[in-house]
Amino acid sequence: AQLSDRLMITHQDMISYRNPSYFDSFAAWDGYRQLPRRALAVADRVMFFSAHAREEALAEELVEPERASVVHIGVDLSLLTPSPSPAVAAEAAHIPDGVEVILCLGTDFRHKNRVFALRVLHELQQRHQWPGRLVLAGPRVARGSSLSDEEQLLAQRPELARALVTLGPVSEDEKAWLLQRSRL
């Protein structure tokens, strides 16, 4: 209130608000839930990335409809200007030129659907003999990770591992390079 006449907040989604498995304890989760409750209650305007997220916040009575707007996000690849040879290029160099790449970019939270991406890879291989690669890029999380599910699926279907490139966190230049190199 001392910094500005208006407070505008962007609220991405309600995933952590509704999922205690991403927290060390019930108390930590309950404490986290206090933050969006208070912030959204005092904001002059709350922007959501999707109508679904807005509707969830409205259903939880965290914000009034007249103060909630949808502002869609996206990626404009024309704005990305990667360096000529980012560090990730060396790690992904075993992907031959001309081989299609599917990129799954983000943390390994369960809701990021990395296991689904692996299942799509399997279907592409089985149904279409797709010779491409799946790149999973992004940091691991301490709680709520899909790592054990990914490992279980890879153990059941070892052929997936030959088409999988797993990277940790990547820089902005590396993200740009990966996005330009990827077909999907």
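Treat the numbers as computed from the prediction; the structure is a model and nothing was measured. (Residues numbered from 1 in each chain as written. Predicted model: local features only at pLDDT ≥ 70, side-chain atom pairs only at ≥ 80, totals over all residues. Heavy atoms only, no water.)

Is there a simple way to think about the pairing of strand β5 (residues 133-137) in this case?
Along any regular strand the residues' side chains alternate between the sheet's two faces. The element β5 is largely enclosed, with a buried count of 5 among its 5 residues. A two-sided burial pattern is seen for β5, the buried positions comprising R133, V135 and A137 on one face and L134 and L136 on the other. Pairing of strand β4 (residues 101-105) with β5, which is carried by 5 bridges, proceeds in the parallel orientation. By the bridge assignment, L103 is partnered in β5 with V135. Between β4 and its parallel partner β5, the chain crosses via helix α5 (residues 114-128), and the hand of that crossover is right-handed. Handedness of the crossover joining β5 and strand β6 (residues 164-167) through helix α6 (residues 147-156) is recorded here as right-handed. (Buried < 20%, exposed > 50% of the residue type's maximum accessible area, 1.4 Å probe, protein only. Helix = DSSP H or I, 4+ residues; strand = E, 2+ residues; numbered from the N terminus. Pairing = 2+ DSSP bridges. Right-handed = clockwise from strand over helix to strand, strands pointing away.)

Got a minute to help me understand helix α2 (residues 26-42) in this structure?
An α-helical turn contains 3.6 residues, so any two residues separated by three or four positions project in the same direction. End to end, α2 covers 25 Å across 17 residues, agreeing with the expected 24 Å (1.5 Å per residue, within 8%). Buried residues of α2: W29, R33, P36 and L40, and no others. Taken end-on, α2 shows its buried residues confined to a sector of 60°, consistent with a single buried face. Residues of α2 that are exposed and point over 90 degrees away from its buried face: A27, L35, R38 and V42. Looking at the buried positions of α2, the neighbouring elements they touch are β1 (8-11), α1 (15-18), β2 (45-48) and α3 (51-59). (Expected span 1.5 Å × (residues − 1). Arc of directions from axis to C-beta. Contact = heavy atoms within 4.5 Å.)

Please explain the side chain of Q125 as it appears in this structure.
Counting through the fold element by element, Q125 comes out in helix α5. Classification of Q125 by relative accessible area gives buried; the value is 15%. Apart from residues lying up to four places away in sequence, Q125 is in contact with W130, E159, L160 and A163.

What should I look at first to understand the sheet that holds β4 in this one?
Strand pairing in a sheet relies on backbone hydrogen bonds, with the paired strands running either antiparallel or parallel. Read across the sheet, 3 strands follow the order β4-β5-β6 without closing on themselves; strand pairing throughout is parallel. On the outer flanks of this sheet lie β4 and β6, each paired with one strand and no other. Going from strand to strand, the sheet's axes swing by 15° on average, the running direction of each strand aside. α5 rests against β4, β5 and β6 of the sheet, and its axis sits at about 170° to β5. (Axes fitted to C-alpha atoms, helices over the stretch in contact; angles between N-to-C directions.)

What is the right way to read the environment of G132 from this model?
For G132, the position within the fold is in the loop between α5 and β5. Spatially, the C-alpha atoms of G132 and V101 are 5.7 Å apart, while their sequence positions differ by 31 residues. Aside from chain neighbours lying at most four places away, what touches G132 is V99, E100 and A163.

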